[in-house]
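Structural description and commentary
One-letter residues, chain by chain:
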Amino acid sequence: MTDQTLPQRMNLCKKYCNMLDRAGIGSKDKALTMWQICKIDLLQFLAHMASADGGVCYRETFFIRENLGFSFTPDKLTMFKYERNLDSEAFRSRIPTSVTYFANADVNAADKLPGVKTAVTKTLVNTFRQMGQEFIACNDQVSEREMADFTQYMALLDGYIKLKGIRDHDGAGAPNGGSIKTGQNGAGAANGGAQESRLQQAGAPQETKQETKELPEKTVEEYLAELNALTGLYAVKQEVNTLVNLIKVRKMREEMALKPPSVSLHLVFSGNPGTGKTTVARLLSGIYKSLGLLSRGHLVEVDRSGLVSGYIGQTATRVQEVVNQALGGVLFIDEAYALTAGKGEGDFGQEAVDTLLKAMEDQRDQLVVIVAGYPDLMNDFLNSNPGLRSRFNKFLYFEDYKAEELTEILESMCAKADYRLTPEAKEYARSVFAEKIEKKEPGFANAREARNFFERAVANQATRIVELTQVDETVLQILQIEDLQMPSY
């Protein structure tokens, strides 16, 4: 490979994708461009490798967001990998759709790519290679399994190029040097509207827009409608609506040269896992943008591992890098109490806090910070530093879900995936949730309980119906009580 940065190589691939589309030798699906197909293939490639080292970490999800524009949490990336069956032998031996289109262009339609003197397939495969190498390197630990998965996948793509007789050289010498202008993440923007909708229908997560002009334009009322449509969270909804009203009134008073009321945009989210904290943070980032308080309105999610380094002097640099990513949007720090849990033991968490507080002051017009975690531990976190208590003086408490609410969440998950619960299955699910809420054993995870319940029910249903001689659409959609009756419950 020639000495190109990953964004440069991505820009070149995007240029070739656009050329294939214009020449009519790309995707026949007019609602999905070649560039969208290419990014989905790269996403599936990274998701395939993501947990090979024992688990998905936030650095890996940050890498995906910055280079491909897809927003995930570690749990959601794991679920995406499961839903797409990306650990299967079928995936390991399947040539990505984008690679087959590029190969067809090289072999059968090179005359339709004016000015291109290189093999576009090789450029794309080298993009897979460089992205995989940098993805592996973004984590502190590299496992043998991760390297083996990467090596096997690249051998598959290199073998395909040789099989097709495509000339083995790089596309770095393409015309214009690949100088396509893209978003700040170098991955390029989605072509809105129908293509965005088609991506979601195809099962890909919604993209995080990296420039203000690329952000979906929604009104405050639309964001609030999304918030108010969430299951439960009644106190949180009331607090957010009140906060929005305060901000609106503050703007009115400023316009009339009256003293504005003090309104803190930095927030503390306290609550147990799975209570919707990240979802509400994402909606708030959009609300702040719609109110003119933030220029981009994106959400950057991080935990201790994304802020604290094990070496002197590196933590401040790492925090500043994350802050720079979040400028114009919201920085959401999950399990923030972990930053100060090791205070006094040679830990660098306090350095992260001090650097963050300085950044909040220096960038107070461009940065909103939301810290989240367990209620008691968040109090300890705020008490660890006077500056924290002064910066974060507005609290939103996320209550645990009730059995009926978890059942409603389960039904929503079913509907989104084209499944339906029978009345008996629905009642059984409610009784299971009620029992788990009553016991409240360690590790109880609220909405994640519904997610785990749904995933296992789908797997049980598959085992039940795979041997049936006649399977129609209804059979594929219905989850019966026997599908929900699992030993772990």
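Here we take up the sheet that holds strand β5 (residues 395-398). Spatially, β2-β3-β4-β1-β5 is the arrangement adopted by the 5 strands of the open sheet, whose pairing is parallel. Strand pairing shows two members of the sheet lacking a second neighbour, β2 (299-302) and β5, which therefore form its edges. Sheet twist, expressed as the mean angle between neighbouring strand axes with direction ignored, is 20 degrees. When strand β3 (residues 329-333) meets strand β4 (residues 367-373), the two strands line up parallel, connected through 5 bridges. Of the residues in β4, the one forming a bridge with V330 is V368.

This next bit is on the nonpolar core. Formed by 56 residues in total, the largest nonpolar core has its most connected members in L46 and F128. Within the residue set of this core, elements represented by two or more residues are α1 (6-23), α2 (34-50), α3 (58-68), α4 (74-83), α6 (97-108), α7 (120-137) and α8 (144-164). When residues of this core are assigned to their parent elements, the largest contribution, 12 residues, is made by α2. The contacts of F128, once residues within four sequence positions are left out, are D41, L42, F45, P96, S98, V99, F150, Y153, M154 and L157. Residues V244, L265, F433 and V458 belong to the second largest nonpolar core, which totals 54 residues.

Attention now goes to the packing of helix α11 (residues 234-255) against helix α12 (residues 277-290). Put simply, α11 and α12 touch, their axes get as near as 12 Å, and they point 15 degrees apart. Considering the angle they form, α11 stands roughly parallel to α12. The element α11 and its partner α12 pack so that their crossing is right-handed. Packed against α11, whose contacting residues are V236, V240, L243, V244 and I247, the element α12 presents V280, L284, I287 and Y288 at the interface.

The rules we used
- Residues numbered from 1 in each chain as written.
- Predicted model: local features only at pLDDT ≥ 70, side-chain atom pairs only at ≥ 80, totals over all residues.
- Heavy atoms only, no water.
- Pairing = 2+ DSSP bridges.
- Helix = DSSP H or I, 4+ residues; strand = E, 2+ residues; numbered from the N terminus.
- Axes fitted to C-alpha atoms, helices over the stretch in contact; angles between N-to-C directions.
- Core = buried A, V, L, I, M, F, W, Y, C linked by side-chain atoms within 4.5 Å.
- Buried < 20%, exposed > 50% of the residue type's maximum accessible area, 1.4 Å probe, protein only.
- Contact = heavy atoms within 4.5 Å.
- Parallel < 35°, antiparallel > 145°, perpendicular 65-115°, else oblique.
- Left-handed = near helix turned anticlockwise from the far one by under 90°.

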